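# Structural characterization, general
What follows is each chain in one-letter form.
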2 protein chains.
Amino acid sequence: MAIIFSRKCELGIQAVLYLASAEGREVISSEEIANELKIPKEFISKILQELTSSGIISSKKGKMGGFSLAKNPNKIHLIDIVLAIDGADIFSKCVLGFPNCSSETPCPMHATWSQLIDETFKMLSEETIDNYKNKVLRKIESLK
Amino acid sequence: MAIIFSRKCELGIQAVLYLASAEGREVISSEEIANELKIPKEFISKILQELTSSGIISSKKGKMGGFSLAKNPNKIHLIDIVLAIDGADIFSKCVLGFPNCSSETPCPMHATWSQLIDETFKMLSEETIDNYKNKVLRKIESLK
DNA sequence: TTTTAATCAGATAAAAATATCTGATTTAAC
DNA sequence: GTTAAATCAGATATTTTTATCTGATTAAAA
Ligand code: SF4
Ligand code: SF4
């Protein structure tokens, strides 16, 4: 189903981007996020909880509660979300599924794949969600 | 669990590489492959069946039966195995999981990711299993 | 202070992926 | 021809991932 990120991670990124695009407003309810992203409220709630406990977003309980970014959008990198939800496995494990390969006698796939995944890691680490929010907002609007 | 290929696909690649490394012998039984790769015989059998029906390997039934490459190892590309088992989704679907994105108003992730996945596709298409077999055989031996 | 609307936390359900079982079929060797 | 060893095909079981439900807690507003 998912390409390289888990579904949870995909939706986590989408949700954080949506929060970023709603700058200026205090908090956004999980219901609004669910409606905008066209996914069940309960599922995104679970994901938002994970992101809250890892410090990327913050939540306000009670009536008029909701979620907001925990820090400035130019301080949040995509890699933060990926690591919080999916962990670091994709950046370290063998792409062919061999257990405990030390890459002492690397197979020919190793070099190319290492380079690709390193570039991916670099991209995710460099890009802040600040750079993304407006374009993705348009994307979300096109879902309506 | 798996990075970008499904577990089936990982094991499919491993199995084809093992067949390639056993050049000269007529057929290899699924049991031998299972033992060498340290995975259940029944699971690899299912995968070998899929690869047989997609024409990458061929099988010989009955006593003394087993599997062998269907063509010269320099004619089999890694992409053949990936497409046969996992299909083309990873090369075309949105990495953020947005449905039907036409990339008319691409988000900033699009360009970088497209490039990375295109390079992956290119690598898988260019590399034949002939290039891989010896190194991977060493890898398999190190599992013992 | 009571009501209401929201998150939170943990349990549960459903779906998908992964793995295993069973029996039929095929073919080599006796 | 019979037996034995292998694939083949489809059903079933297990595990993991994805999704949903339920009830408790929190805090704003009446
Ligand atoms: S060398 Fe090959 S088998 Fe080893 S970790 Fe790298 S890709 Fe995997
Ligand atoms: S533009 Fe962005 S949202 Fe659209 S397919 Fe590309 S990565 Fe996905």
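Anyway, here's the lowdown on the structure attached to this text. Worth saying up front: this structure is predicted, and the values here are computed from it rather than measured. (Residues numbered from 1 in each chain as written. Chains lettered and ligands numbered in written order. Predicted model: local features only at pLDDT ≥ 70, side-chain atom pairs only at ≥ 80, totals over all residues. Heavy atoms only, no water.)

### Here we look at the protein's contact with DNA strand C
Note the cut-off: The rule for a residue being near a molecule or strand is that one of its heavy atoms must lie within 4 Å of it. Counted as a polar contact is a pair of N or O atoms within 3.5 Å, where, for protein atoms, one must be capable of donating a hydrogen and the other of accepting one, and residues adjacent in sequence contribute only when both atoms are in side chains.
In the neighbourhood of DNA strand C, 24 residues make up the surrounding shell, with Ser-30 and Ser-59 of chain A together with Pro-40, Phe-43 and Gly-62 of chain B lying closest. Counted by atom, the contact set of DNA strand C within 4 Å of the protein is 67% sugar and phosphate. At 3.5 Å from a phosphate oxygen of DNA strand C is found a main-chain nitrogen or oxygen belonging to Arg-7 of chain B. For DNA strand C, a base oxygen lies 3.3 Å from a polar atom in the backbone of Lys-63 of chain B.

### A look at the site of ligand 2
Worth spelling out the cut-off: Here the nonpolar group is Ala, Val, Leu, Ile, Met, Phe, Trp, Tyr, Cys and Pro; Asp, Glu, Lys and Arg are the charged ones; every other residue, Gly included, is treated as polar.
Around ligand 2, 7 residues are found, and the nearest of them are Cys-94, Cys-101, Pro-106, Cys-107 and His-110 of chain B. At the site occupied by ligand 2, the surrounding residues belong to chains A and B. Its residues assigned to classes, the shell around ligand 2 shows 5 nonpolar, 1 polar and 1 charged.

### A word on the pairing of strand β1 (residues 57-60) of chain B
Both faces of the sheet carry side chains from a regular strand, because those side chains alternate between them. All names here are of chain B. The test is simple: The criterion for strand pairing is that DSSP finds at least two bridges linking the strands in question. In DSSP terms, a helix is any run of H or I states spanning at least four residues, a strand is any run of E spanning at least two, and both are numbered starting from the N terminus.
Pairing between β1 and strand β2 (residues 66-69): 4 bridges, direction antiparallel. Bridged to Ser-58 within β2 is Ser-68. In textbook terms, the turn of a hairpin is the stretch between consecutive antiparallel strands, and for β1 and β2 this stretch comprises 5 residues, one of which, Gly-62, has a positive phi near 75°.

### Overview of the site of ligand 1
Taken together, 7 residues surround ligand 1, and among them Cys-94, Cys-101, Pro-106, Cys-107 and His-110 of chain A come closest. Bordering ligand 1 are residues originating from chains A and B. Residues of the shell around ligand 1, tallied by class, amount to 5 nonpolar, 1 polar and 1 charged.

### Observations regarding the protein's contact with DNA strand D
Near DNA strand D, the surroundings consist of 24 residues, among which Pro-40, Phe-43 and Gly-62 of chain A together with Ser-30 and Ser-59 of chain B are the closest. Counting only atoms of DNA strand D within 4 Å of the protein, the fraction found in sugar and phosphate groups is 69%. For DNA strand D, a phosphate oxygen lies 3.4 Å from a polar atom in the backbone of Arg-7 of chain A. Taking Ser-30 of chain B, its main chain carries an N or O atom lying 2.6 Å from a phosphate oxygen of DNA strand D. Within the residue set of the surface near DNA strand D, elements represented by two or more residues are α3 (41-53) of chain A together with α3 (41-53), β1 and β2 of chain B. A breakdown of the residues in the surface near DNA strand D according to their chemical character gives 5 nonpolar, 9 polar and 10 charged.

### A look at the packing of α3 of chain A against helix α4 (residues 78-86) of chain A
Residue and element names in this part refer to chain A. Worth spelling out the cut-off: For helices, the fitted line uses only the C-alpha atoms of the stretch in contact; every axis is such a line through C-alpha atoms, and the angle between N-to-C directions lies from 0 to 180 degrees. Any angle that falls under 35 degrees is termed roughly parallel, while one over 145 is termed roughly antiparallel, one within 65 to 115 roughly perpendicular, and all others oblique. Only heavy atoms enter the contact rule, under which two residues are in contact if any of them lie within 4.5 Å.
In contact at an axis separation of 10 Å, α3 and α4 are set at 110° when each is read in the N-to-C sense. The angle between the axes of α3 and α4 places the two elements in the roughly perpendicular class. Side by side, α3 and α4 meet where Ile-47, Glu-50 and Leu-51 of the first sit next to Ile-81, Ala-84 and Ile-85 of the second. Considering only residue class, the contact of α3 with α4 consists of 5 nonpolar, no polar and 1 charged.

### Focus: the nonpolar core
Stated precisely, the cut-off is as follows: Take the buried residues of types Ala, Val, Leu, Ile, Met, Phe, Trp, Tyr and Cys, join any two whose side-chain atoms come within 4.5 Å, and each joined set is a nonpolar core. Per-residue accessibility, obtained with a 1.4 Å probe over protein chains only, is compared with the maximum for each type, and a residue is labelled buried under 20%, exposed over 50%, and partly exposed between these values.
In terms of nonpolar packing, the biggest core is built from 92 residues, with Phe-5 and Met-109 of chain A together with Phe-5 and Met-109 of chain B touching the most fellow members. The contacts of Met-109 of chain A, once residues within four sequence positions are left out, are Val-95 and Leu-96 of chain A together with Phe-5, Leu-78, Met-123, Leu-124 and Tyr-132 of chain B.

### Some thoughts on the side chain of Glu-32 of chain B
All names here are of chain B. Here Glu-32 is to be found in helix α2 (residues 30-37). Polar contacts involving the side chain of Glu-32 include one to the side chain of Arg-25, which spans 2.8 Å. Setting aside its immediate chain neighbours within four residues, Glu-32 contacts Tyr-18 and Arg-25.

### Topic: the pattern of salt bridges
For the record, the criterion: Whenever Lys or Arg places a side-chain nitrogen within 4 Å of a carboxyl oxygen from Asp or Glu, that contact is recorded as a salt bridge.
Under the definition given, this model contains 10 salt bridges over all chains. We note a salt bridge from Arg-7 of chain A to Glu-10 of chain A, for which the minimum N-O separation is 2.9 Å. One end of the pair is Arg-7 of chain A and the other is Glu-10 of chain A, both in helix α1 (residues 7-21) and 3 residues apart, which spans about a single turn. The exposure class assigned to Glu-10 of chain A is buried, which follows from its relative accessible area of 3%. With a closest N to O distance of 3.9 Å, Asp-89 of chain B and Lys-93 of chain B form a salt bridge. Taking the relative accessible area as the measure of exposure, Asp-89 of chain B reaches 41% and is therefore partly exposed. Residue classification places Lys-93 of chain B among the partly exposed positions, given a relative accessible area of 35%.

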